[in-house]
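# Residue-level structural notes
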Amino acid sequence: MGCTVAIGSQWGDEGKAKMIDYLTEDADIVVRYQGGANAGHTVVVDDKKFVFHLIPSGILHEGKICVIGNGVVLDPVAFLEEVDLLEKKGYDVKDRLIISDSAHFILPYHKAMDSYLENFSNEKIGTTMRGIGPCYSDKCLRIGLRAGDIFDLNMLEKRAADTLRIKNLQLEKIFGGEPFTLEDIMSMLLLFKDKAGSMICNTQEYLHKAVKDRKKILLEGAQGYALDIDHGTYPYVTSSSPTIGGALLGTGLNAFDIDDVIGITKAYVTRVGEGPFPTEADEEQSERIRVNGNEFGATTGRPRRCGWFDIPLLKKAVQINGMNKLAITKLDVLTGFEKIKIGVGYNINGERVDEIPMSKCKHIEPIFIEMDGWGENISKCRSFAELPKNAQAYLNFIEDELNAPITYISVGPGRESTFITEKKQ
Ligand code: GDP
Ligand code: IMO
Ligand code: MG
């Protein structure tokens, strides 16, 4: 393995963290490349549950280096809380964490703006309110503050004052909100400098050196393909690029450094927040999947909308990202369904269409086929051969349709419940 990228293939929460934790066994370095504390990444080891928002999901493996790449937007308070929590649980992480000097800070005014914008708009996105959109906007406007800025406090204070003037005007005049003080922002950043300053470096350089030294690097995407700002169901998307382009952009690695792109893919589909979801199940079936799969947001606790596997959506995910391997997660959740639906195309104005129109899939009608389900508990299965015939048929159908090999299968939340399909063993 050189560099491997793990990308969510749907609308997030595919079980990426669980797979990253599993794949970290074979890696030296794990890098988060985009998003921020909007992510909720769950890892379960020995029945203990950890939820990561900013720290890469490989951190539970002793001795592995975890990098927060330049594409991440970093909430300094959320980051320090996460480090604290891990340390309280007995994990020594400070020497294994590296933060890019180019990662942008998410500050309180970003979160306030996120909330005002959501409430102001007639069509809500249903954001996580973690300040993601406003922070990436400031990055593009070139008024953001970056992790490396803390090493020049005079410059930082000047830039923070300039930015704050703009932000406070917007907050007060447009939204009638409360202003933030420079003192509050600076004391937050000074605390961050004190506690995490030693972790900050030029991660682009660090990663290129690691590639040269033949280290194995695992890039961890947050969110998923269909939430991508360019390729997703705009405007119901996040404000970064979870797709392959974002992996390069958010680390500084180049396309030739990447060996494998793994599509982390739930055996069905979920979505949190607003926006189109062509294969969404009816309320009764959605609730059944939600309960079986414990589908509640790891960051906000919101119930996730649930539905059926969507072949055209996945075909696009494979195409856009160059996914050459798939990891199918949460297969166990489908146990007990007499029939399992799979979306294979859409009806648009009475015409069958086999490609998903990402930017306008709000009113399209899915075309489903049904496959027979299985009743056996599969959570102890550790090979493809051990799976019930109908579960094998389900996976074979998906693999054939997508023309991408299913390399990993996950049948439970714990680290031990993942296996490699025997074709690859
Ligand atoms: P992520 O954002 O993609 O990392 O996924 P989340 O952590 O938000 O949501 C995935 C949820 O499913 C978490 O609660 C995981 O512990 C759980 N999970 C992951 N893989 C499996 C699996 O194969 N089976 C079951 N039952 N749960 C899983
Ligand atoms: P992980 O990494 C699922 C969704 C939000 C909202 C939209 C925009 O755990 O898979 P944002 O706060 O990013 O501006 O919200 O994106 N969203 C996610 N949905 N999993 C996530 O992360 C998500 N991060 C953001 O619900 O619809
Ligand atoms: Mg999640």
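Further up the page is the structure itself.
For the structure given in this document, a descriptive report is provided here. (Residues numbered from 1 in each chain as written. Chains lettered and ligands numbered in written order. Predicted model: local features only at pLDDT ≥ 70, side-chain atom pairs only at ≥ 80, totals over all residues. Heavy atoms only, no water.)

## What about the site of ligand 2?
Near ligand 2 you find 20 residues, and of these Lys16, His41, Thr128, Gln223 and Thr238 are the closest. Measuring from an oxygen atom of ligand 2, one finds a side-chain N or O atom of asparagine 38 at 2.9 Å. In the model, an oxygen atom of ligand 2 is placed 3.1 Å from a nitrogen or oxygen of the valine 272 main chain. In the complex, 98% of the free accessible area of ligand 2, which totals 550 Å², lies under the protein chains. In terms of residue class, the shell around ligand 2 is built from seven nonpolar, ten polar and three charged. (Near = heavy atom within 4 Å. Polar contact = N/O pair within 3.5 Å; in protein donor to acceptor, adjacent residues only side chain to side chain. Areas by Shrake-Rupley, 256 points an atom, 1.4 Å probe, with all protein chains shown as cover. Nonpolar A, V, L, I, M, F, W, Y, C, P; charged D, E, K, R; others polar.)

## Here's the deal with the coordination of the magnesium ion (ligand 3)
At this site the magnesium ion (ligand 3) is bound by Asp13 (OD) and Gly40 (O), with donor distances of 2.0 to 2.2 Å. You can see aspartate 13 sitting in the loop between strand E1 (3-8) and helix H1 (16-24) and its partner glycine 40 sitting in the loop between strand E2 (29-32) and strand E3 (41-45), a full 27 residues away along the chain. Of the two residues, aspartate 13 and glycine 40, neither departs from the other in class, the shared state being buried. (Donors = N, O, S within 2.8 Å, 3.2 Å for Na, K, Ca; no water. Helix = DSSP H or I, 4+ residues; strand = E, 2+ residues; numbered from the N terminus. Buried < 20%, exposed > 50% of the residue type's maximum accessible area, 1.4 Å probe, protein only.)

## Describing the pairing of E1
Most of E1 sits inside the fold, with six of its six residues counted as buried. Here E1 shows a buried face lined by Cys3, Val5 and Ile7 and a second buried face lined by Thr4, Ala6 and Gly8. Bridge count for E1 against strand E11 (residues 258-266) is six bridges, and the pairing is parallel. When the sheet's bridge partners are listed, glycine 8 is paired in E11 with isoleucine 264. Sheet topology places E1 next to strand E10 (residues 217-220); four bridges connect them, and they run parallel. Its bridge partner being in E10, cysteine 3 is matched across the sheet by isoleucine 217. (Pairing = 2+ DSSP bridges.)

## Some words on the environment of proline 312
Looking at the secondary structure, you find proline 312 in helix H10 (residues 311-321). Separated by 278 residues in the primary sequence, proline 312 and glutamine 34 have C-alpha atoms spaced 25 Å apart. Residues within four places of proline 312 in sequence aside, it is in contact with Gly343, Val344, Gly345, Tyr346, Asp354, Glu355 and Ile356. (Contact = heavy atoms within 4.5 Å.)

## A few points about the pairing of strand E4 (residues 48-52)
The pairing of E3 with E4 spans five bridges and is antiparallel. Bridge assignment links threonine 42 to a residue of E4, and that residue is valine 51. In this antiparallel pair of consecutive strands, E3 and E4, the connection spans two residues, and aspartate 46 shows a positive phi of 50 degrees.

## Points about the packing of aromatic side chains
Following the criterion strictly, the structure yields ten aromatic pairs and no others. Ring geometry for phenylalanine 50 versus tyrosine 91: centroids 5.5 Å apart, planes at 90 degrees, classification edge-to-face. Taken together, the positions of phenylalanine 50 in strand E4 and tyrosine 91 in the loop between helix H2 (76-88) and strand E7 (97-100) put the pair 41 residues apart, joining distant regions of the chain. A relative accessible area of 21% means that tyrosine 91 is categorised as partly exposed. Put simply, the rings of Phe50, Phe52 and Tyr91 pair up and form one aromatic cluster. In this structure, lysine 89 is placed above the aromatic ring of phenylalanine 50, and the distance from its NZ or CZ to the ring centre is 4.7 Å. Above the face of the phenylalanine 337 ring, arginine 288 is positioned so that its terminal group lies 4.1 Å from the ring centre. (Phe/Tyr/Trp six-rings, centres within 6.5 Å; stacked < 30°, edge-to-face > 60°. Lys NZ or Arg CZ within 6 Å of the ring centre and 35° of its normal.)

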